[in-house]
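A closer look at the structure
For reference, the chains in residue letters:
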Amino acid sequence: LLVINDADEINVNIDLSKHDDYYSVTGSDASRRLKDFILMYSQRTFDANKSFAQIDSLKQMGASDSLVIIATNRKNEDLAKLNQYLKSFISGSSHPALSLFALSWASRSFPKAEFESSLDEVVKKFPEHEMLKSVKGTYEKQKTQAGAPASPSQNSWVGKAAPDLAMPGMENNAVSISSFKGKYLLVDFWASWCGPCRQENPNVVKAYNEYKNKNFTILGVSLDQDKTKWLDAIKQDKLTWNHMSDLKAWDSKSVDVYKFDGIPFNVLIDPSGTVIAENLRGFDLEKKLSEVLK
């Protein structure tokens with residue numbers, strides 16, 4: 001569970017007999033609001049994901065266009081409600097760390113213009129917050145790079161043959177990307193020490209459970225150094241697919257081969273071995289898988 005360190009003493013009461021609302025926080029108003037936000041966001045995300053799944057089921061059953069359109073409209077409504085909740089929460093937040101956390105989740109579903117507007121609003125509200133200024137600067141830099149002529153296609157793996165990569169598995173067995181040829185494969189680059197990776201893992205688990213019986217699987221590639229922490233994170237986050245790591249952190253062969261400079265990062269490879277998408281998170285991952293795994 002997450003708390004915001006804004007008080008000398010913060011008390012957390014945990015009741016593991018409960019499935020969802022299993023803890024309470026006192027002594028930190030920001031932490032209490034964060035807890036409420038996570039619970040509410042999860043509920044609204046569940047509704048939106050259920051709408052995505054309904055569309056997929058209707059398409060598989062060969063339902064009429066009118067039924068698919070109705071389901072699509074419902075999905076759009078659920079997504080709009082989620083984004084409206086996020087926008088309202090971010091605007092009303094009185095703590096910069098809380099706003100920053102909500103913004104990171106909003107980036108998964110907000111249209112570009114809406115995300116930029118919310119980011120600008122939060123930075124103006126908390127002009128002295130160093131992390132917010134850093135996020136703003138990084139976002140502007142990435143946007144400039146993305147607008148450079150030919151740059152995205154040069155740096156993207158999409159449309160190219162996926163380079164092979166072989167490393168020791170969890171039990172020191174040999175594992176390689178090429179051994180999964182013939183399946184849709186999501187190669188997920190992550191690490192136990194990476195906070196954003198761990199926050200994204202529930203989305204990856206959901207995608208795996210939903211599509212694992214449709215010629216789809218996942219291969220986790222870790223940038224860990226400590227094998228025990230790596231294996232513990234796999235167990236804690238319920239990552240029940242294949243994993244491999246050379247336990248060299250940022251000196252990992254995977255960084256040199258796939259040329260990424262941040263995690264989480266992933267590539268989606270089709271059965272022929274061609275990369276068809278990359279950097280899929282949250283709704284983007286769900287949407288892409290629903291398209292290709294009909």
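So, a few notes on the structure that sits alongside this text.

Reading the values: the criteria
Residues numbered from 1 in each chain as written. Predicted model: local features only at pLDDT ≥ 70, side-chain atom pairs only at ≥ 80, totals over all residues. Heavy atoms only, no water. Core = buried A, V, L, I, M, F, W, Y, C linked by side-chain atoms within 4.5 Å. Buried < 20%, exposed > 50% of the residue type's maximum accessible area, 1.4 Å probe, protein only. Helix = DSSP H or I, 4+ residues; strand = E, 2+ residues; numbered from the N terminus. Contact = heavy atoms within 4.5 Å. Pairing = 2+ DSSP bridges. Axes fitted to C-alpha atoms, helices over the stretch in contact; angles between N-to-C directions. Polar contact = N/O pair within 3.5 Å; in protein donor to acceptor, adjacent residues only side chain to side chain. Expected span 1.5 Å × (residues − 1). Salt bridge = Lys/Arg side-chain N within 4 Å of Asp/Glu carboxyl O.

The biggest cluster of nonpolar side chains holds 47 residues, and the ones touching the most others in it are Leu165, Ile177, Phe189, Phe216, Tyr258, Val267 and Ile269. Where this core is concerned, the elements lending two or more residues are strand S5 (184–190), helix H7 (195–211), strand S6 (216–222), helix H8 (227–236), helix H9 (253–258), strand S8 (265–269), strand S9 (275–278) and helix H10 (282–292). Once residues lying within four places of it in the same chain are set aside, the contact partners of Tyr258 are Trp157, Ala162, Pro163, Leu165, Ile177, Phe189, Val267 and Ile269.

The next thing to look at is the sheet that holds S9. Spatially, the five strands line up as an open sheet ordered S7-S6-S5-S8-S9, and their pairing is mixed. In the strand order of this sheet, the two ends are held by strand S7 (242–244) and S9, each with one partner. With direction set aside, neighbouring strand axes in the sheet form an average angle of 20°. Pairing between S5 and S8: five bridges, direction antiparallel. Residue pairing across strands places Val187 opposite Val267, the latter belonging to S8.

Turning our eyes to something else, we now look at the side chain of Lys35. Residue placement: Lys35 occurs in helix H1 (residues 29–60). We classify Lys35 as buried; its relative accessible area is 12%. Within polar-contact distance, the side chain of Lys35 engages the backbone oxygen of Tyr23 at 3.3 Å. What Lys35 contacts, discounting residues up to four positions off in sequence, is Asp21 and Tyr23.

In a regular helix each residue adds 1.5 Å, so 32 residues correspond to 46 Å; H1 covers 47 Å between its end C-alpha atoms and thus fits that length. Note on H1: the residue one or two positions beyond its end, Gly62, has a positive phi of about 70°.

Going through the model one piece at a time under the given rule, you end up with twelve salt bridges. A salt bridge links Lys136 to Asp120; the nearest nitrogen and oxygen atoms lie 2.2 Å apart. One end of the pair, Lys136, is in helix H5 (residues 130–146); the other, Asp120, is in helix H4 (residues 112–125), and 16 residues separate them in sequence. A salt bridge links Glu140 to Lys136; its shortest N-O distance comes to 3.1 Å. Residue Glu140 and its partner Lys136 are located together in helix H5, separated by four residues, close to a single helical turn. Here Glu140 falls in the partly exposed class, since its relative accessible area comes to 28%. Counted as one network, the salt bridges with shared partners bring together Asp29, Arg32, Arg33, Lys35 and Asp36.

Turning our eyes to something else, we now look at the environment of Thr72. For Thr72, the location among the structural elements is in helix H2 (residues 65–92). Judged by relative accessible area, which is 24%, Thr72 ranks as partly exposed. Separated by 18 residues in sequence, Thr72 and Gln54 have C-alpha atoms that sit 8.9 Å apart.

From the geometry alone we can't say anything about function, so treat these as descriptive.
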